[in-house]
Amino acid sequence: MWYPLLKRAVYYGSRLISSQYGTVFSGMDYGAVKKVYSIWICTKSAKKYRNSMNRYEMVEECLVGESKSDPENYRLMILLHVGEYDEGTHEGILGFLEVLLSGKLQAEEKRQILQERYHIAMTKKMSEEVTQMCNLSWGIYQDGVEQGIEQKGKEVAFALYQDGMPLEKIARIVSESMTKIEE
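Fair warning: this is a prediction, and the values are worked out from it, not measured in the lab.

## With respect to helix H3 (residues 107-118)
Quick reminder: α-helices carry 3.6 residues per turn. Residues three or four places apart thus point the same way.
Now for step 1: Given a rise of 1.5 Å per residue, 12 residues ought to cover 16 Å, and the 15 Å separating the end C-alpha atoms of H3 matches this to within 8%.
Now for step 2: Just beyond H3, the residue with positive phi is His119, at close to 55 degrees.

Okay, structure coming up:
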């Protein structure tokens, strides 16, 4: 199901604000509401959004009179659209995140770039954390591949079943147990 990411971000930000009732404030004490920042780091963004950082906020429009509120009371959300690492074409936070979240770079390459370009000392702990982060993204990728293969196997098994193929043969073709095929 496709939906505009901004609407989801606004929804989650609103839920974070409303969840303060009963913990941060109660009754009519809305002045005690704390600001909530919802920061979304979007990898694999559509090309038109890549390598951009946008702030979305409520905007005051005075229709009658000249009243003005403090904008700090309604700034809520920042969206970072991170592109894929491309030999250092971006600096600052976008470049840093491109390196850190890149699926193209190995842990050692990331450590070297982070140390040389961003002057981050690669202590033993920092080095371990970069490696762990690399393994995390690889694990997420592997999970996705496995889920895709499993789903495709189910689709193939169902199509073969609909064509009248015996369950034992389907089990052999898709490398599954008879129990799974029968399910």
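## Some words on the environment of Ala9
Now for step 1: As for its position among the elements, Ala9 is in helix H1 (residues 5-18).
Now for step 2: Note on Ala9: relative accessible area 1%, which makes it buried.
Now for step 3: Taking the C-alpha atoms as reference, Ala9 lies 10.0 Å from Tyr56; in sequence the two are 47 residues apart.

## Examining the packing of aromatic side chains
Now for step 1: One pass over the structure, following the stated rule, counts four aromatic pairs.
Now for step 2: Their ring planes at 80 degrees and their centres at 5.2 Å tell us that Tyr21 and Phe25 sit as a pair that is edge-to-face.
Now for step 3: Assessed through its relative accessible area of 48%, Tyr21 is described here as partly exposed.
Now for step 4: Summarising the aromatic geometry, the rings of Phe96 and Tyr118 are spaced 5.7 Å apart at their centres and angled 80 degrees between planes, so their arrangement reads as edge-to-face. Here Phe96 is found in helix H2 (residues 92-101), whereas its partner Tyr118 is found in helix H3, with 22 residues between them in sequence.
Now for step 5: Of the residues examined, Tyr118 reaches a relative accessible area of 17% and is grouped as buried.
Now for step 6: Among the aromatic residues, those joined into a ring-pair cluster are Tyr21, Phe25 and Tyr30.

## Section: a nonpolar patch on the surface
Now for step 1: A contiguous nonpolar patch, built from Tyr37, Ile39, Ile41, Leu101 and Met133 and spanning about 450 Å² of accessible area, is present on the exposed surface.
Now for step 2: With respect to the helices and strands, the residue Tyr37 is situated in the loop between H1 and strand S1 (38-43).

## Focus: the nonpolar core
Now for step 1: Core analysis: the largest hydrophobic core is formed by nine residues, namely Tyr85, Val99, Leu100, Leu105, Ile113, Leu114, Tyr118, Met122 and Val130.
Now for step 2: Taken together, the elements giving at least two residues each to this core come down to H2 and H3.
Now for step 3: Top element by residues in this core is H3. It accounts for three residues.
Now for step 4: If we skip the residues at most four places from it in the chain, Ile113 touches Tyr85, Val99, Leu105 and Tyr118.
Now for step 5: Counting six residues, the second-largest nonpolar core is a separate cluster that includes Leu160, Ala171, Val174 and Ile181.

## Quick look at the packing of H2 against H3
Packed helices, taken two at a time, are described by the angle between their axes plus the distance between the axes.
Now for step 1: Taken N-terminus to C-terminus, the directions of H2 and H3 make an angle of 160 degrees; their axes are 9 Å apart at the nearest point. Looking at the two axes, H2 sits roughly antiparallel to H3. Our pair here, H2 against H3, has a crossing hand that is left-handed. Contacts between H2 and H3 involve Gly92, Gly95, Phe96, Val99, Leu100 and Leu101 on the former and, on the latter, Lys110, Ile113, Leu114 and Tyr118.

## Structural notes on unusual backbone geometry
For residues other than glycine, phi is negative in most cases, and the peptide bonds are mostly trans.
Now for step 1: In this structure, His119 takes a positive phi of about 55 degrees despite not being glycine.
Now for step 2: Within the secondary structure, His119 is located in the loop between H3 and helix H4 (124-162).

Parameters at a glance
Residues numbered from 1 in each chain as written. Predicted model: local features only at pLDDT ≥ 70, side-chain atom pairs only at ≥ 80, totals over all residues. Heavy atoms only, no water. Helix = DSSP H or I, 4+ residues; strand = E, 2+ residues; numbered from the N terminus. Expected span 1.5 Å × (residues − 1). Buried < 20%, exposed > 50% of the residue type's maximum accessible area, 1.4 Å probe, protein only. Phe/Tyr/Trp six-rings, centres within 6.5 Å; stacked < 30°, edge-to-face > 60°. Patch = residues over 30% accessible without salt bridge, like charges linked within 9 Å, V, L, I, M, F, W, Y side chains within 5 Å. Areas by Shrake-Rupley, 256 points an atom, 1.4 Å probe, with all protein chains shown as cover. Salt bridge = Lys/Arg side-chain N within 4 Å of Asp/Glu carboxyl O. Core = buried A, V, L, I, M, F, W, Y, C linked by side-chain atoms within 4.5 Å. Contact = heavy atoms within 4.5 Å. Axes fitted to C-alpha atoms, helices over the stretch in contact; angles between N-to-C directions. Parallel < 35°, antiparallel > 145°, perpendicular 65-115°, else oblique. Left-handed = near helix turned anticlockwise from the far one by under 90°.

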